[in-house]
Number of protein chains: 2
Amino acid sequence: MVSSTFSRSFSTPAEARQAARDGLLTGSTAGLASGYVQVNLVILPEEQANGFLRFCQANPKPCPVLAVSEPGDRQCALLGKDLDIARDVPSYRVYRNGQLADTRNEVSDVWRDDLVTFALGCSFSFEHALIQNGVPVRHIDEGRNVSMYKTSLALQPAGGFSGHMVVSMRPFLAEAAIRAVQITTRFPQTHGAPVHLGDPALIGIEDLDFPDYGDSVSVGRDEIPVFWACGVTPQQVLMDSGIEFAITHTPGHMLVTDIPESQVALL
Amino acid sequence: MVSSTFSRSFSTPAEARQAARDGLLTGSTAGLASGYVQVNLVILPEEQANGFLRFCQANPKPCPVLAVSEPGDRQCALLGKDLDIARDVPSYRVYRNGQLADTRNEVSDVWRDDLVTFALGCSFSFEHALIQNGVPVRHIDEGRNVSMYKTSLALQPAGGFSGHMVVSMRPFLAEAAIRAVQITTRFPQTHGAPVHLGDPALIGIEDLDFPDYGDSVSVGRDEIPVFWACGVTPQQVLMDSGIEFAITHTPGHMLVTDIPESQVALL
């Protein structure tokens, strides 16, 4: 009965956030509070945040900015009601001097008054739209995390940040790949249309069976791998920049917002 | 000076139609009266036309109906002013008993009071949109006709007609292929989004170098062939059905209408 109570209690964004805050939800947020936007978080000292915002504006496909907080603000009212940025995510990553220093369930004790929070769109939103339109999503069907890869696609340097794009990959038959381009085009704030399809080597990926993040999935002989800009990109960029201090969510463990997915769709 | 006068005189739809009517324009209409919709024509006796309309409605990607005339009507006011369906196309094909019987510059002498005209959208419209959006179109760059192929894609039987889809092919780098899906999605009345991309064998095409209609074009190693439903499909279907009498335009020699291309775009 307890698990049934839990799944009911995670069916709204407020309940999912409360469960994370209470330490009852520590895993992936995939499939929780269906119909509401989940976001990638990047939390930086104001000194680096201004440059990072310019970097996001220059690279909107991997870094689609949904909201930026005022320095020190933990509420981010644009994202939801009674929200606490430092406690409502199931798992956080703390970076020090460009290294992953710690993974933890809340960051209240390392919070600072100069921290600026970036909420970046996440592909969970368009995955719901794909499935609703009859386009099957392989990693969901196989119960795995999406496959993610470092690429040779150079990002536009800005604000002191630079690097290469990380992409997520979903394989489709041709007709579904075409439909997937159409559907994800409607979601520019959650990575939008693909950045590549077909031969992985053309964007510097050597072997689809060995993703740099997430899990591998099966790819059929008749299928085309389709690649989207990925919200893990900024985490890679922050590490590569050797940033002194930063906090992000743990990949797959997103902040659940009160924003309906329909609100970030163009059509 | 004469050729300069001619190219000026073909810059509007009315001038292009008048030139065809006067026998001054007998070639392809590609690039004429830029910005205006050109259409495929299928002209059938009313007895077969009712079934053919049901066939078009069941197969909107190869047969997007822009207008259907009343029986015997040669003016088709929906398509343009002072228009004569029997004289304003640079080249017509006359079919008898499922065979191409004749190619001619006008069909006034074989016109009948029971003939119904179907105007079907043509990919010339979305090709202009591709080029305007910086997506290069290979066959135009190479000064050739687009490559067209018979496929194994079965059409939906309706109204006594059936058969397989004919497709046109344009090769692109992946990023341009994605953009081409987006752009052509805006043009459902001129064949819309692609029906296939990638491996030609999956839709029954053995060798891209040997198109069934039109010319072959070069395809780069890094490029993906992208396939659209083609307005030649109904001509193939009419021949396969052994139809007693029909008139069409000659492929590439379209009727130029007064309809602005922007009017058939969704966005």
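In the block above lies the structure referred to throughout.
What counts, and where the lines are drawn
Residues numbered from 1 in each chain as written. Chains lettered and ligands numbered in written order. Predicted model: local features only at pLDDT ≥ 70, side-chain atom pairs only at ≥ 80, totals over all residues. Heavy atoms only, no water. Phe/Tyr/Trp six-rings, centres within 6.5 Å; stacked < 30°, edge-to-face > 60°. Helix = DSSP H or I, 4+ residues; strand = E, 2+ residues; numbered from the N terminus. Buried < 20%, exposed > 50% of the residue type's maximum accessible area, 1.4 Å probe, protein only. Lys NZ or Arg CZ within 6 Å of the ring centre and 35° of its normal. Pairing = 2+ DSSP bridges. Core = buried A, V, L, I, M, F, W, Y, C linked by side-chain atoms within 4.5 Å. Contact = heavy atoms within 4.5 Å. Disulfide = S-S within 2.5 Å. Buried area = accessible area lost by both parts, 1.4 Å probe. Salt bridge = Lys/Arg side-chain N within 4 Å of Asp/Glu carboxyl O. Polar contact = N/O pair within 3.5 Å; in protein donor to acceptor, adjacent residues only side chain to side chain.

A. Summary view of the packing of aromatic side chains. Across all of its chains, the model carries 12 aromatic pairs over all chains by this definition. Plain terms: the ring middles of Phe52(B) and Phe118(B) are 4.9 Å apart, the flat faces sit at 80 degrees to each other, and that makes the pair edge-to-face. Taken as a pair, Phe52(B) in helix H3 (residues 46–58) and Phe118(B) in strand E5 (residues 115–121) lie far apart in primary sequence, 66 residues in all. We note that Phe52(B), like Phe118(B), is buried. Counting every residue linked through ring pairs, the aromatic cluster contains Phe52(A), Phe55(A), Phe118(A) and Phe161(A). In this structure, Arg74(A) is placed above the aromatic ring of Trp111(A), and the distance from its NZ or CZ to the ring centre is 5.8 Å.

B. Here's a closer look at the sheet that holds strand E6 (residues 147–154) of chain A. All names here are of chain A. One open sheet accounts for four strands, arranged E6-E7-E9-E8; its pairing is antiparallel. Only two strands of the sheet have a single partner each, and these edge strands are E6 and strand E8 (196–197). Pairing geometry for E6 and strand E7 (residues 164–172), over five bridges, is antiparallel. Of the residues in E7, the one forming a bridge with lysine 150 is valine 166.

C. Representation of the environment of Glu175(A). Structurally, Glu175(A) can be placed in helix H6 (residues 174–185). Here the alpha-carbon distance between Glu175(A) and Val135(A), two residues 40 residues apart in the chain, equals 9.4 Å.

D. View of the pairing of strand E7 (residues 164–172) of chain B. All names here are of chain B. Counting buried positions along E7 gives eight out of nine residues, so the element sits mostly inside the fold. Inspection of the sheet shows E7 paired to strand E9 (residues 224–229) by six bridges, in the antiparallel sense. In the sheet register, arginine 170 faces E9, and the bridge partner there is valine 226.

E. The arrangement of the nonpolar core in detail. Counting residues in hydrophobic clusters, the biggest one holds 88 residues, and the most contacted among them are Leu79(A), Ile85(A), Phe172(A), Ile247(A), Phe172(B) and Ile247(B). Not counting residues up to four positions away in its chain, the partners in contact with Ile247(B) are Leu41(B), Val42(B), Ile43(B), Tyr92(B), Arg93(B), Val94(B), Val107(B), Val110(B) and Leu115(B).

F. Just the sheet that holds E7(B), in detail. Strand order in the open sheet formed by four strands is E6-E7-E9-E8 (chain B), and the pairing between neighbours is antiparallel. Across the chains shown, the open sheet's two edge strands, defined by having one partner strand only, are strand E6 (147–154) and strand E8 (196–197) of chain B.

G. Broad picture of the state of the cysteines. Taken as a whole, this structure holds zero disulfides over all chains when the rule is applied. Cys63(A) takes part in no disulfide bond, and the closest cysteine sulfur, belonging to Cys56(A), lies 4.4 Å away.

H. Region of interest: the interface of chain A and chain B. Counting from both sides, the interface comprises 15 residues of chain A and, opposite them, 15 residues of chain B. Carbon and sulfur atoms make up 78% of the surface buried where chain A meets chain B, a total of about 1200 Å² over both sides. Scanning the region where chain A abuts chain B turns up zero salt bridges. Here chain A and chain B share two residue pairs in polar contact (both at pLDDT 80 or more) between them.

Function-wise, these values are silent; they only describe arrangement.
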